[in-house]
Amino acid sequence: MAARKTTKKPNVSADELKTHYREMLLIRRFEEKAGQLYGMGLIGGFCHLYIGQEAVVVGLEAAAKEGDKRITSYRDHGHMLACGMEPGGVMAELTGREGGLSKGKGGSMHMFSKEKHFYGGHGIVGAQVPLGAGLAFSDKYKGNDNVTFAYFGDGAANQGQVYETYNMAQLWDLPVVFVIENNQYAMGTSVQRSTKSPALWKRGEAYGISGEEVDGMNVLSVKEAGERAVAHCRAGKGPYILEVKTYRYRGHSMSDPAKYRTREEVQKMRDERDPIEQVRDMLLTGGHATDEDLKAIDKEIKAVVNDAAEFSKTSPEPALDELWTDIYA
């Protein structure tokens, strides 16, 4: 199943571009603030930031419809914001407060929202992939045309349960888009050193699963590929694999100094491929926005993030009897 390449210019309106810009900027500013709160000791445990990868979730959410589901691993704040979860509730969960989306009991890695069809945030590498197939099975069983986005990274792509899931998903024609967020380094090992497969999406060929590689630093390319993937799934043709080539600017988690790559490499990616700057340039050069317009958006986003941070500090800690709730369904 060969990857489909496209050379035509994407047909996108100025309003869509501004929406993508705003959504990616919200994730970027939110994650920067989360990093600050972590440094101040207000966020405990693990905290994995999504900085650099914003175009992946924003592009794919632009291809989704109401009822579609999403499930991911621990680098999940971006996914939450992109599907419309409240920034205050996300930040309060990071600080372990009652106002958090999991009542302060899940922290960075374990947030859920039934209303937004967001099923976590999972700390076990690759564990969310078979769960994503289960969500897709539910929709297939109910006979609707909803699709599940099951996100995982290049590190998780080497887990055995991923391939068991591929086999089952294709066998049962499940409407699941397997999204490999290939940020090049997994936990800290370069993908060149951890796999002999030059293209991770092609591993689905053994099961007859269609797929393609996507430029994950370009939000319009991601959206376009996402639309192909969901059309494939909604048509009852089974699963689809998107290998989204992206890049994280920060370490694996807040405790990772990322000494396995050079500063020059990261800076080059920021200077030449940054997903937000690409859209910013399109807005400015196309005459769709002025520098002042974009500064106003940034100011507005910063205010939203500052409000979320304030809420996360002032929301009370969970009551002790919360220890015994939400244990059994």
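Provided above is the structure to which this section pertains.
S.K.: Run through the overall build of the protein chain, naming residues and quoting values.
M.R.: When you go through the protein chain residue by residue, the secondary structure sums to 11 helices and five strands. Along the first, second and third principal axes, the C-alpha atoms of the protein chain reach 55 × 50 × 40 Å. Counting the 329 residues in the protein chain, one finds 53% classified as buried. A fraction of 76% describes how many contacts in the protein chain between residues 6 or more apart in sequence connect residues 24 or more apart. Averaging the positions of the 42 positive and the 46 negative side-chain charges in the protein chain gives two centres separated by 3 Å.

S.K.: Give a detailed account of the nonpolar core, specifying residues and quantitative values.
M.R.: The biggest cluster of nonpolar side chains holds 61 residues, and the ones touching the most others in it are Tyr21, Leu60, Val177, Val179 and Leu242. It is helix H1 (residues 14-39) that provides the largest number of residues to this core, a total of nine residues. Leave out the neighbours within four places in its chain, and Tyr21 touches Ile276, Val279, Arg280, Leu283, Leu294 and Ile297. Ala136, Val162, Leu200 and Ile241 belong to the second largest nonpolar core, which has 22 residues in total.

S.K.: Outline the sheet that holds strand S4 (residues 210-215), listing residues and values.
M.R.: Reading across the sheet, the five strands line up as S1-S2-S3-S5-S4 and stay open at both edges, with parallel pairing between neighbours. Both edges of this open sheet fall to strand S1 (69-71) and S4, since each of them pairs with a single strand only. On average, each strand axis in the sheet is tilted by 20 degrees relative to the strand beside it, whichever way the strands run. For S4 and strand S5 (residues 240-245), the ladder comprises six bridges, and the chain directions are parallel. Residue pairing in the sheet places Glu213 in a bridge with Glu243 of S5.

S.K.: Tell me about the pairing of strand S2 (residues 148-153), residues and numbers included.
M.R.: S2 sits mainly inside the fold: five of its six residues count as buried. Note: S1 against S2, three bridges, orientation parallel. What sits directly across from Arg70, in S2, is Phe149. Remark: the S2/helix H6 (residues 160-171)/strand S3 (residues 176-182) crossover connection has right-handed handedness.

S.K.: How would you sum up the packing of aromatic side chains? Please name residues and give values.
M.R.: As enumerated under the stated definition, the model contains nine aromatic pairs in all. Measuring from centroid to centroid gives 5.3 Å for Tyr163 and Tyr166, while their planes differ by 85 degrees, and the two rings are edge-to-face. Pair noted here: Tyr163 and Tyr166 are both in helix H6, with a separation of three residues, about one helical turn. Grouping residues by exposure puts Tyr163 and Tyr166 together as buried. Ring geometry for Tyr185 versus Tyr247: centroids 6.3 Å apart, planes at 80 degrees, classification edge-to-face. Of this pair, Tyr185 sits in the loop between S3 and helix H7 (191-194) while Tyr247 sits in the loop between S5 and helix H9 (263-273); the two residues are 62 residues apart in sequence, bridging distant segments of the chain. No difference in accessibility class separates Tyr185 from Tyr247, as the two residues are buried. Three or more aromatic residues joined by ring pairs make a cluster, and in this case those are Tyr163, Tyr166, Phe178 and Tyr207.

S.K.: Hey, could you go over the pattern of salt bridges for me, with residue numbers and the actual values?
M.R.: In total, this model carries 22 salt bridges according to the counting rule given. One continuous salt-bridge network, built from bridges that share partners, spans Arg29, Glu32, Asp298 and Lys302.

S.K.: Can you explain the packing of helix H5 (residues 128-142) against H6? Please cite residues and give values.
M.R.: The relative placement of two packed helices is expressed as an angle between their axes plus a distance between the axes. Axis separation between H5 and H6 bottoms out at 8 Å; the angle between their running directions is 20 degrees. What the angle tells us is that H5 and H6 run roughly parallel. For the pair H5 and H6, the crossing hand works out as left-handed. Here H5 contributes Val129, Pro130 and Ala133 to the contact with H6, which in turn contributes Gln161, Val162 and Thr165. Looking at the contact of H5 with H6 residue by residue, the class counts come to four nonpolar, two polar and no charged.

S.K.: Kindly report on the pairing of S5, identifying the contributing residues and their values.
M.R.: Side-chain positions along a regular strand alternate between the two faces of the sheet. Counted residue by residue, S5 has five buried out of six residues, so it is predominantly covered. Taken together, the six bridges between S3 and S5 define a ladder with parallel strand orientation. Following the sheet pairing, Glu181 is matched in S5 by Val244. A crossover links S4 with its parallel partner S5, the connecting element being helix H8 (residues 219-234), and its sense is right-handed.

Conventions we followed
Residues numbered from 1 in each chain as written. Predicted model: local features only at pLDDT ≥ 70, side-chain atom pairs only at ≥ 80, totals over all residues. Heavy atoms only, no water. Helix = DSSP H or I, 4+ residues; strand = E, 2+ residues; numbered from the N terminus. Buried < 20%, exposed > 50% of the residue type's maximum accessible area, 1.4 Å probe, protein only. Contact = heavy atoms within 4.5 Å. Lys, Arg positive; Asp, Glu negative; His and termini not counted. Charge placed at Lys NZ, Arg CZ, Asp CG, Glu CD. Core = buried A, V, L, I, M, F, W, Y, C linked by side-chain atoms within 4.5 Å. Pairing = 2+ DSSP bridges. Axes fitted to C-alpha atoms, helices over the stretch in contact; angles between N-to-C directions. Right-handed = clockwise from strand over helix to strand, strands pointing away. Phe/Tyr/Trp six-rings, centres within 6.5 Å; stacked < 30°, edge-to-face > 60°. Salt bridge = Lys/Arg side-chain N within 4 Å of Asp/Glu carboxyl O. Parallel < 35°, antiparallel > 145°, perpendicular 65-115°, else oblique. Left-handed = near helix turned anticlockwise from the far one by under 90°. Nonpolar A, V, L, I, M, F, W, Y, C, P; charged D, E, K, R; others polar.

Function cannot be inferred from these measures alone, as they are strictly geometric.
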